[in-house]
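# Reading the structure
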Amino acid sequence: MSTLVKNSIRFILFILIQVFVLDNIHLHKLATPYLYLLFIIWLPFRMNRSWQLLIAFIFGFTLDAFRHSFGFHAAACVLIAYIRPYFINLLIPQEGADSNYEEPSIKSMGGFTPYFIFIAALTIIHHAWLFLLEAWQVGNSWYFLAKTLLSTAISLLLIIITELLFNRKQKFKTNTI
Amino acid sequence: MRNIFLFIRRYSTFLLFILLQLFSIYLIVTYNKYHQAVFSNTANQYTGKINTQYNKIENYFNLKKTNDSLVKVNERLYNTLKQDFQLPDTASKIVVDSIRVDSLLKYRRYNYLHATVVANSVSNQNNYIVIGRGKSQQLKVGMGVIDASNGVVGIVSEVSDDFSVLISLLHKKDSRISSKLFKGGEIGTVTWNGNQPNILQLTGIPKSAKVAKGDSVVTSGYSTYFPKGMMVGIVTEVTPEKSTNNFAINIKSTADFYNLQYVYVIDNLQQAAINDLLNKAEKKSQ
């Protein structure tokens, strides 16, 4: 399957799952799991960075349209799409590994730990920015902190389960092309 | 000049990032304040249609709950029937009134329209509810909405052809319902602080009022959205505010925002007339 088709299918599936399944879950009336950001985490390594930002914006905007509150998810998605390459450069084990594989996964990041740090950092930044924009003020920091940490924990759990359930086969590409 | 272009080329990604962030924040500020962004109507129509399909399935799972609530409503209506009350015999005799019900139409103030909930959220700071009834089905902006148990749900803020968006009571920025204590009659405003769904705040009640846990809070009837005496909630916590002369009161909402399936939209037929008068009075005093 080509990258475009694969990512288009993911786009639709993640939006539908987030809107119709996960948004109906409110654990202890405080935390909501967010799985949809996995779409942005899984974008290919070699994609143009400006395109990544634009796609993240459109993706977040689509979700916002379903929730009738424009801007929140778009802003959070654009933020993690922007900082994603920095984390990849920081965490990827050897030089040039990002050209051997197509997209971030446990295998291409060289083990579970770097990959976990990668998704955990992106998830917590996404949630913090999203909840900060929603609150629109920096008051009641304990509530904000609890909401962010709890939601992050549940989202991470879901992301790891998804990762284990849907084993993405990553082809090793030689970089001699 | 050349340096400027070089600068833009070099930092194009960063500039695009800043641009998109600013645009998102612009959307947040304008859309959530004025609810009149150009795209909202079309987005409503498309997402509304998908939501309706999903809702058809979801409704099936909630059939039992819906049934229960309908039985309760029926019970309440049965209890208001005329034959439930027996007057002691007096000298008067009962005469069948020949007045036609229709002739009361011009005195009618409120008309109830039913609608199904198509989409709903409780987890945001500013929540909206979408219902499957719109402009073509007589809905207008500014109508009040209640649920089957007579509890206030929200106010219509946007209408498209077949769908409408309500500002839920669980809307931190814009939800303000004029309410009063059922017992004492003190008038206050119900708002939401964004923390816990189903727990609302009643402000503006002076410390001289007698408030206890379990007291009912109902709509005041001073706004044109709701008739007098619609349930808003029940007092759960009363604490005196330190710096003001008011109580800080928490109330539990009567409407269960986690399980909204059917709602009733209240059409106030005199709303336009009242607003016209108010506008005239305001113009005169200017």
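Everything below is about the structure printed above this text.
The notes below deal with the structure included here.

Quick look at the overall build of chain B now. The helix and strand inventory of chain B stands at five helices and twelve strands. In chain B, buried positions account for 31% of the 286 residues. Residue pairs in contact within chain B that sit at least 24 positions apart in sequence constitute 59% of those at least 6 positions apart.

A few words now on the overall build of chain A. When helices and strands are counted, chain A shows seven helices and zero strands. Listing the helices and strands of chain A from first to last along the sequence gives α-α-α-α-α-α-α. A total of 177 residues make up chain A; the buried ones form 37% of that total. Long-range contacts, defined as pairs at least 24 residues apart, comprise 64% of the intrachain contacts of chain A with a sequence gap of at least 6.

Next up on the list: the interface of chain A and chain B. Listed per partner, the contact involves 26 residues of chain A and 28 residues of chain B. Listed by contribution, the elements that provide at least two residues to the side of chain A that touches chain B are α3 (49–67), α4 (72–91) and α6 (112–135) of chain A. Considering each element in turn, the side of chain A that touches chain B owes the most residues, seven residues, to α3(A). For the side of chain A that touches chain B, the residue count by class is 15 nonpolar, six polar and five charged.

Right, let's talk about α3(A) for a bit. Taking 1.5 Å of rise per residue, the 19 residues of α3(A) would be expected to cover 27 Å, and the 27 Å separating its terminal C-alpha atoms lies within 8% of that figure. A positive backbone phi angle near 55° is found at A:His68, which sits one or two residues after α3(A).

With that settled, the discussion passes to the packing of helix α1 (residues 3–20) of chain A against α3(A). Residue and element names in this part refer to chain A. Interaxial distance between α1 and α3 falls to 10 Å at its minimum, and their mutual angle equals 35°. Crossing geometry of α1 relative to α3 is assigned as right-handed. Together, Phe11, Ile15, Gln18 and Val19 of α1 and Phe59, Thr62, Leu63 and Phe66 of α3 make up the contact between the two elements. Considering only residue class, the contact of α1 with α3 consists of six nonpolar, two polar and no charged.

Now for the sheet that holds strand β9 (residues 216–219) of chain B. The six strands are arranged β6-β7-β8-β11-β10-β9 (chain B) in a closed barrel whose pairing can be described as antiparallel. Sheet twist, expressed as the mean angle between neighbouring strand axes with direction ignored, is 40°.

Residues and elements named next belong to chain B. Burial of the side chains of strand β7 (residues 187–191) is restricted to one face: Gly188 and Val190 are buried, whereas none of Ile187, Thr189 and Thr191 on the reverse face is. Relative to β7, strand β6 (residues 177–181) runs antiparallel, the two sharing four bridges. Each bridged residue has a counterpart across the sheet, and for Ser179 the counterpart in β7 is Gly188. Connecting β6 to the next strand, β7, in antiparallel fashion are five residues, including Gly185 with a positive phi near 85°.

Another point: the pairing of strand β11 (residues 246–253) of chain B. Residues and elements named next belong to chain B. Of the two faces of β11, only the one carrying Phe247, Ile249, Ile251 and Ser253 is buried; Asn246, Ala248, Asn250 and Lys252 on the other face are not. Note: strand β8 (residues 199–206) against β11, six bridges, orientation antiparallel. Residue pairing in the sheet places Leu202 in a bridge with Ile249 of β11. Strand direction decides the pairing type here: strand β10 (residues 231–240) and β11, joined by seven bridges, are antiparallel. Bridged to Thr239 within β11 is Ala248.

Another aspect to go through is the sheet that holds strand β4 (residues 152–159) of chain B. Residues and elements named next belong to chain B. Strand order in this closed barrel of six strands is β1-β2-β5-β4-β3-β12, and the pairing throughout is antiparallel. Taking each pair of neighbouring strands and ignoring which way they run, the sheet shows an average axis angle of 45°. With five bridges joining them, β4 and strand β5 (residues 164–171) adopt antiparallel strand pairing. Opposite Gly154, over in β5, you have Ser168 as the bridge partner.

The next point concerns the nonpolar core. Ranked by size, the top nonpolar core spans 47 residues in total, and within it B:Ile131, B:Val145, B:Val152, B:Val153, B:Leu166 and B:Val263 carry the most contacts. If sequence neighbours within four positions are ignored, B:Leu166 has contacts with B:Tyr128, B:Ile129, B:Ile131, B:Val145, B:Val153, B:Gly154, B:Ile155, B:Val156 and B:Ser157.

Parameters at a glance
Each chain carries its own residue numbering, running from 1 in the direction its sequence is written. For naming, the first written chain is A and the first written ligand is 1, with later ones following in the order written. Side-chain atom pairs in this predicted model are given and counted only at pLDDT of 80 or more, local residue features only at pLDDT of at least 70, and totals for whole chains, interfaces and linings cover all residues. Helical segments are the DSSP runs of H or I of at least four residues, strand segments are the runs of E of at least two, and each set is numbered from the N terminus. Buried means a residue has 20 or more other C-beta atoms within 10 Å of its own C-beta, exposed means 12 or fewer, and partly exposed covers the counts in between; C-beta atoms are placed from the backbone. A pair of residues counts as a contact when their C-beta atoms, built from backbone coordinates, are separated by no more than 7 Å. Here the term charged refers only to Asp, Glu, Lys and Arg, the term nonpolar to Ala, Val, Leu, Ile, Met, Phe, Trp, Tyr, Cys and Pro, and the term polar to all other amino acids, Gly among them. Take the residue count of a helix, subtract one, and multiply by 1.5 Å to get its expected span. Angles run from 0 to 180 degrees between N-to-C directions of axes, and those axes are lines fitted to C-alpha atoms, restricted for helices to the stretch in contact. For any pair of crossing helices, the crossing counts as left-handed if the nearer helix is rotated counterclockwise from the farther one by less than a right angle, and right-handed if it is rotated clockwise. If DSSP finds at least two bridges between two strands, the strands pair. For this entry, the nonpolar core is defined as buried Ala, Val, Leu, Ile, Met, Phe, Trp, Tyr and Cys residues connected by C-beta atoms within 7 Å.

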